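# Observations on the model geometry
As a plain string of letters, each chain reads:
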Amino acid sequence: MWPFSPSYTQRSVDTLEIQYDYIVVGGTLLHWMFLTFLSFRQVRRLSEDTGSTVLLIEKGDAGDSWLHRVPLTSHHHWSDRKHSLVFDSATDARLGRAFPLICGLGLGGSTRINGGQYTCGVPAEYDAWGQDGREGWSYADLKPYFNKSEHWIGPAPREFHGLNGPLHVRSFADYHYACSERAAEAAGRMGFPCINDMHSPLEPGIGWNKMQFTIDSEGGRHSAFRAYLPDALARARSDRLHICTRAVACKIGFAKQADGTVRAEHVEIASVDGRHVRTATAGREIILTCGALRTPQLLMLSGIGPQDHLQELGIDVIKHSSGVGNTLEDHIYVTTTYNCPLADSAWSMVKRPTTLLRELYYYIRHGTGWLLGTMVELEIFGLAALISVDGSPRALSKEQTNAADARYIPDFSVMAVPIGDPRGPGIDRSKGFLGLNAALLKPKSQGRLRLGSRDPNAHPVCDMAYLTSPEDYATLRAALRVTVRLAAEMRAVGYPLDAVHVPDTLDDAALDAFIDSRAETMFHYSSSCRMARPDDDKPGVVDDQLLVHGISNLRIADASVFPTVPATHPQALIYAVAEKCADMILSTE
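Below is a short write-up of the structure. (Residues numbered from 1 in each chain as written. Predicted model: local features only at pLDDT ≥ 70, side-chain atom pairs only at ≥ 80, totals over all residues. Heavy atoms only, no water.)

### Considerations on the packing of aromatic side chains
On inspection of all chains with the given rule, the structure shows 9 aromatic pairs. Relative to Phe-146, the ring of Tyr-126 has its centre 5.9 Å away and its plane inclined at 55°; by these criteria the two rings are tilted. Taken together, the residues Tyr-126 in helix 3 (residues 123-131) and Phe-146 in helix 4 (residues 139-149) connect sequence positions 20 residues apart. Residue classification places Phe-146 among the buried positions, given a relative accessible area of 1%. When the ring of Trp-129 is compared with that of Phe-562, the centres are 6.1 Å apart and the planes differ by 40°; the resulting orientation is tilted. Taken together, the residues Trp-129 in helix 3 and Phe-562 in the loop between strand 25 (554-556) and helix 14 (571-587) connect sequence positions 433 residues apart. Grouping residues by exposure puts Trp-129 and Phe-562 together as buried. (Phe/Tyr/Trp six-rings, centres within 6.5 Å; stacked < 30°, edge-to-face > 60°. Helix = DSSP H or I, 4+ residues; strand = E, 2+ residues; numbered from the N terminus. Buried < 20%, exposed > 50% of the residue type's maximum accessible area, 1.4 Å probe, protein only.)

Following this line, the structure appears as structure tokens:
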């Protein structure tokens, strides 16, 4: 569990070469959710070709201390915030507040600070993409790429997991938190079927699932940094793989070809301190892996985006692309909180120093315990149309448990978390906290991203437009009713729970008011440069090869290309997209 050498192989802006074969922009202004590990996967694959030179541009540094590799203490909410950057969305006029958008910094990006949950989603999700015309993006097309990056380290079953990839993924035979185990038992008694392995296409798509995590065999956070570009690999390929840290990609430059086509030619790069500026030319391709917030920003700064908006800011229009920055999607969740026994909750590490010392011992000595950061051990996946008014699931037919049937893709989840919101008057902080959080997985609401200025260091203006569709309220009402029913089921067998932050009643108006007051982002931004035809009802930005429409040798390979946000934690899917993109690039050489 020792940190990497402080002399990790990296370059500053003033030492860059003039030309590379590939330039991967994965560390521009910020590391949006799930961006940098995508870059790592691609640069590793591309640099395996001994004849290719690759430049990776990264805003952060290569620091990786012990605390930053312990899963719990590196999680954003428990960390020293050295690898986090938080800024506000545009203020939502209806809800009267802005939403904090959390981003990762440093090599590994947000894989340094996320919850580590690793789920693929149901086959029907991707088959629907294929049926909508996304050639090569069905479940059968994507499953090999899910497996390619994964190194499943147990426990069984192993049949539907990758066994030879660089990224360690695991679950645990037992629960670390008693409150989570009691919630799982209650979910079963309520009638939700058990999903033994969310990676299996044979399991139901609706039911309760024991979570899987990107944690290595020693109990460390297996970030993209550790999985894909450890020091030994970076050193071995340092002649052809240049990792430029503390750098910002400011703009992409283009050249018009003799046949009238436009080619992405170079990237303008500045050091974070502003002292050095360089232009690096790409001989083959430029790949953007900046995430669903930064990628559209960089495209617009470079002259690709909605024409009227670019002209308002005095940006030369290279290509009018109305889809850039539109159809921005995200998962949101609504938190509910209960008091539970202190010994069953992570809150006891705050209240009892002896508990913290115990968990430190377990982790350092055995690589086990609460510092593994398995905060979401249980997740229930459900479909609002199949939930009764009292929050119980209706009996499911065989076809409703078929994960390949697009009619039964889950649209909400309930996550049991051994910590909750301790704020507010009159709350008993001597007890533990259990969160039963209701998440919206298939939002109908869509936001929009625009530039606030021509400054690449300025934050984009992100109008998240949460809850602008009435359908989203209906789904979250069902999810909240499940949380209340789940708590009642836990109490029914004697487990002590006291309401802290819960809906007063279950009528629609009360639930809607509760949703408005407690909805938060899950930081799963997607679909702002979606994969679709440019003349689609929701215009696309890239084609099925992830190439930007109308621009040669410029690809996007991050969550911004998702046709829709998937009903799952997107980490595994983004790895798969990166794997597939690397194959697409290499197949053209």
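### Concerning the layout of surface pockets
For the largest pocket, the calculated volume is near 1,300 Å³. Of all the elements in the fold, those that place two or more residues in the lining of the largest pocket are strand 4 (100-104), strand 18 (412-417), strand 19 (432-440), helix 13 (508-518) and strand 23 (519-521). Grouping the constituent residues of the lining of the largest pocket by class yields 17 nonpolar, 19 polar and 5 charged. Here the second largest pocket is characterised by a volume of approximately 580 Å³. For the second largest pocket, the lining is made up of 26 residues, of which Glu-125, Lys-442, Pro-443, Lys-444 and Thr-564 are closest to its centre. Looking at the lining of the second largest pocket, the elements with two or more residues in it are helix 3 and helix 12 (470-492). Each residue belonging to the lining of the second largest pocket can be placed in one class, and the counts come to 10 nonpolar, 3 polar and 13 charged. (1 Å grid on protein atoms, 1.4 Å probe; cavity = no way out; pocket = protein on both sides within 12 Å on 5 of 7 lines; lining within 4 Å. Points joined across faces, edges and corners; volume = space filled by probe spheres on them. Nonpolar A, V, L, I, M, F, W, Y, C, P; charged D, E, K, R; others polar.)

### Here we look at empty space enclosed by the protein
Applying the stated criterion across every chain, the model contains 7 cavities of 30 Å³ or more. Of the pockets and cavities examined, the largest cavity occupies roughly 90 Å³. Considering the residues around the largest cavity, the lining is formed by 13 residues, among which Pro-71, Gly-115, Gly-116, Arg-221 and Leu-372 are closest to the centre. Of the residues contributing to the lining of the largest cavity, the split by class is 6 nonpolar, 6 polar and 1 charged. Of the pockets and cavities examined, the second largest cavity occupies roughly 70 Å³. Of the residues contributing to the lining of the second largest cavity, the split by class is 8 nonpolar, 3 polar and 3 charged.

### What about unusual backbone geometry?
With glycine set apart, most residues show a phi of negative sign, and most peptide bonds adopt trans. Of the consecutive residues Gly-154 and Pro-155, the connecting peptide bond is found in the cis state with omega at -5°. Counting through the fold element by element, Pro-155 comes out in the loop between strand 5 (150-152) and strand 6 (167-169). In the Ramachandran plot, Thr-327 falls in the positive-phi region, its phi being about 50° despite a non-glycine side chain. Structurally, Thr-327 is set in the loop between strand 14 (319-320) and strand 15 (332-334). Residue Ala-465 is not a glycine yet carries a positive backbone phi of 50°. Structurally, Ala-465 can be placed in the loop between strand 21 (461-463) and helix 12. Look at Ala-465 and you get buried, because its relative accessible area is 12%.

### Quick look at the side chain of Asp-558
Position of Asp-558 among the secondary structure elements: in the loop between strand 25 and helix 14. Within polar-contact distance, the side chain of Asp-558 engages the side chain of Thr-295 at 2.7 Å. A distance of 2.5 Å separates a polar atom in the side chain of Asp-558 from a polar atom in the side chain of Ser-560. (Polar contact = N/O pair within 3.5 Å; in protein donor to acceptor, adjacent residues only side chain to side chain.)

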